[in-house]
Amino acid sequence: MKKSFTTVLAMLACALGAAQAQDVYTIGEINSYKAQPAFLEPYKKGMELALAQINITGGIGGKKLVLVTRDDNGNPADAVRAAEELIAREKVDVLMGSFLSHVGLALTDFAQQKKRFFLAAEPLTDKIVWEQGNRYTFRLRPSTYMQVAMLVPEAAAMKKKRWAIVYPNYEYGQSAVATFKKLLTAAQPDVEFVAEQATPLGKVDAGSVVQALADARPDAIFNVLFAADLAKFVREGNTRGLFQGKGVVSLLTGEPEYLDTLQGETPLGWVVTGYPWYAIFTPDHDAFATAYRKRFKDYPRAGSVVGYNAIQSIAAGLRKAGSADTEALIAAFRGLEVRTPFGPITYRAQDHQSTMGAYVGKTGLYGGKGVMVNFKYMDGAKFQPSDAEVKKLRPAAP
């Protein structure tokens, strides 16, 4: 029986598509692009740079990397639907991404249910690698535990007894605060927590929060707010003199995404984690920053490094595994070493957490803009629990 011309064309298209699919590895990336643009626009650029560098040198074993992105709207259910669509329609080889911790946990559970490899690039909650960790999920960025552990020695050195706390009331903020209380109490047994403000994500009532903290008369403040919530809190706190004479420890505030927004309103002397891109002089970082600025005519942010490292991690895993087979990737990622702008990192076999670190320093002003000063790089490998502790925290994960 003769085939119609249309049928022949369809068959040729299918054959061509199958042949092309064999020549690429497809990464399905899910993130809160519309909800968190300050971090995720630079993140996209970091991914783009890494993809270009990998593909121009022949890809992975001759196969190019292809990136397909989806927006999760900052919603766990939307993230899961996007993951399902990426697998069913786009036939992606691996999943990666997410920014908000509760979204990251939803994708972690999805990866376990569907038995698909997932690299959580940005979400910081410890549950992703501990209580709810699973064999299919790995995490790149230093967790809340790791970053808080980097800050606690500085907090304890202040010798402040009465602490107030403010945080976004969802998984990331809750996790950070629980760790801060635990570690600071261990370092300084006489510490008191005299006020705690848990604010809706993206909807902080800065005036009420600042007044409540001031009424408690704390000696110091631990802040976990970020993005627009951070800017409102700082503006109101500056106006009402909340920070005068108080020690302030602030998670993530040293990232250029947030210092750029604060500009001249940046408070002086806060102890922060962040990314002082303008003053890191190492060969790996110089190469990354030069390539980034050449390609985008802009300087890198923290998100840029995370996006870049995420793609480089996937590439290193595929290269080591020799395929996109899920079990082969899991085996490859356990103990995987990756070269990054911050130096080499390793994905720990015991909990699938990378040893990527962060910079700790103090906030300052230069040319009317917020900067980090007196900073030091903290190797993430030095701020993680022992193997025995990890076994207790991750009892169910093989």
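Note that the coordinates shown come from a computational prediction; the quantities given were computed from them, not determined experimentally.

*Asks:* So what exactly am I meant to see when it comes to the packing of helix α7 (residues 206–215) against helix α8 (residues 227–240) here?
*Replies:* When two helices pack together, you describe them by how their axes are tilted relative to each other and by the distance separating the axes. Running from amino to carboxyl end, α7 crosses α8 at an angle of 55 degrees, the nearest separation of the two axes being 9 Å. With respect to α8, the element α7 is oriented oblique. Crossing geometry of α7 relative to α8 is assigned as right-handed. Along its contact with α7, which presents Ala-206, Gly-207, Val-209, Val-210, Gln-211 and Leu-213, the element α8 presents Lys-232, Phe-233, Glu-236, Gly-237 and Arg-240.

*Asks:* Explain the UniProt feature "domain: Leucine-binding protein" (unreviewed entry) in the protein chain to me, please; I cannot follow it from the model alone.
*Replies:* Within the UniProt annotation, "domain: Leucine-binding protein" (unreviewed entry) is assigned to residues 39–362. Between the end C-alpha atoms of residues 39–362 the distance is 21 Å, and the span holds 46% helix and 19% strand.

*Asks:* Help me out: how do you make sense of the pairing of strand β11 (residues 337–340) in this one?
*Replies:* Looking along a regular strand, one sees the side chains alternate between the two faces of the sheet. By the alternation rule, side chains of β11 split into Val-338 and Thr-340, which are all buried, and Glu-337 and Arg-339, of which none is buried. Alignment of β11 against strand β12 (residues 343–346), held across 4 bridges, turns out to be antiparallel. In the strand pairing of β12, Glu-337 is matched with Thr-346. Between β11 and the antiparallel strand that follows it, β12, lie 2 residues.

*Asks:* Where do I start with the pattern of salt bridges in this structure?
*Replies:* A side chain of one charge can pair with a side chain of the opposite charge if their charged atoms are brought near each other. By the definition in use, this model includes 19 salt bridges. The salt bridge involving Glu-327 is made with Arg-135; its shortest N-O contact spans 2.5 Å. Here Glu-327 is found in helix α12 (residues 326–333), whereas its partner Arg-135 is found in the loop between β4 (118–120) and β5 (137–139), with 192 residues between them in sequence. The exposure class assigned to Glu-327 is partly exposed, which follows from its relative accessible area of 38%. A salt bridge links Asp-284 to Arg-339, with the nearest nitrogen and oxygen atoms 2.7 Å apart. Pair noted here: Asp-284 is in helix α10 (residues 283–296) and Arg-339 is in strand β11, with a separation of 55 residues, a long-range link. A residue is classified by how much of its surface remains accessible, and Asp-284, at 21% relative accessible area, is partly exposed.

*Asks:* Please explain the sheet that holds strand β2 (residues 64–71) as it appears in this structure.
*Replies:* Within a beta sheet, neighbouring strands are joined by backbone hydrogen bonds and run either parallel or antiparallel to one another. In spatial order, the strands read β2-β1-β3-β4-β5; together these 5 strands make up an open sheet with parallel pairing. The sheet terminates laterally at β2 and β5, the two strands that pair on one side only. Direction aside, neighbouring strands of the sheet carry axes that sit 25 degrees apart on average. Bridging between strand β1 (residues 24–31) and strand β3 (residues 94–97) involves 4 bridges; their strand directions are parallel. Considered in β3, the bridge of Glu-29 is made with Met-96.

*Asks:* I'm lost on the nonpolar core in this one. Help?
*Replies:* Generally speaking, a soluble globular protein has its nonpolar side chains buried in company with each other. Counting residues in each nonpolar core, the largest one holds 126 residues, and the members touching the most others are Leu-65, Leu-119 and Phe-233. Excluding anything up to four places from it in sequence, Leu-65 contacts Tyr-25, Ile-27, Leu-51, Ile-54, Asn-55, Ile-60, Ile-311, Ala-315 and Leu-318.

*Asks:* Before we go on, may I ask you to explain helix α5 (residues 144–157) in this structure?
*Replies:* Counting along an α-helix, one turn takes 3.6 residues, and residues three or four places apart therefore face a common direction. A rise of 1.5 Å per residue sets the reference length of α5, with its 14 residues, at 20 Å; its end C-alpha atoms lie 20 Å apart and thus fit the reference within 8%. With respect to burial, α5 is a largely interior element, 11 of its 14 residues being buried. Of the positions making up α5, those classed as buried are Thr-144, Tyr-145, Met-146, Gln-147, Val-148, Ala-149, Met-150, Leu-151, Val-152, Ala-155 and Ala-156. Of the residues trailing α5, Lys-159 is marked for its positive phi of about 55 degrees.

*Asks:* What exactly am I supposed to notice about the sheet that holds strand β7 (residues 192–199) here?
*Replies:* Ordered in space as β7-β6-β8-β9-β10-β13-β14, the 7 strands form an open sheet in which the pairing is mixed. For this open sheet the edge positions go to β7 and β14 (369–378), each flanked by a neighbour on one side alone. The mean inter-strand angle of the sheet, taken between neighbouring strand axes irrespective of direction, is 25 degrees. Of the strand pairs in this sheet, strand β6 (residues 162–168) and β7 are connected by 7 bridges, and their pairing is parallel. Bridged to Arg-162 within β7 is Glu-192. α5 rests against β6, β8 (220–223), β9 (247–254), β10 (271–274), β13 (358–366) and β14 of the sheet, and its axis sits at about 155 degrees to β9. Seen against the sheet, α7 touches β6 and β7 and runs at an angle of roughly 175 degrees to β7.

What counts, and where the lines are drawn
Residues numbered from 1 in each chain as written. Predicted model: local features only at pLDDT ≥ 70, side-chain atom pairs only at ≥ 80, totals over all residues. Heavy atoms only, no water. Axes fitted to C-alpha atoms, helices over the stretch in contact; angles between N-to-C directions. Helix = DSSP H or I, 4+ residues; strand = E, 2+ residues; numbered from the N terminus. Parallel < 35°, antiparallel > 145°, perpendicular 65-115°, else oblique. Left-handed = near helix turned anticlockwise from the far one by under 90°. Contact = heavy atoms within 4.5 Å. UniProt positions renumbered as here; feature names shortened; annotations may be inferred. Buried < 20%, exposed > 50% of the residue type's maximum accessible area, 1.4 Å probe, protein only. Pairing = 2+ DSSP bridges. Salt bridge = Lys/Arg side-chain N within 4 Å of Asp/Glu carboxyl O. Core = buried A, V, L, I, M, F, W, Y, C linked by side-chain atoms within 4.5 Å. Expected span 1.5 Å × (residues − 1).

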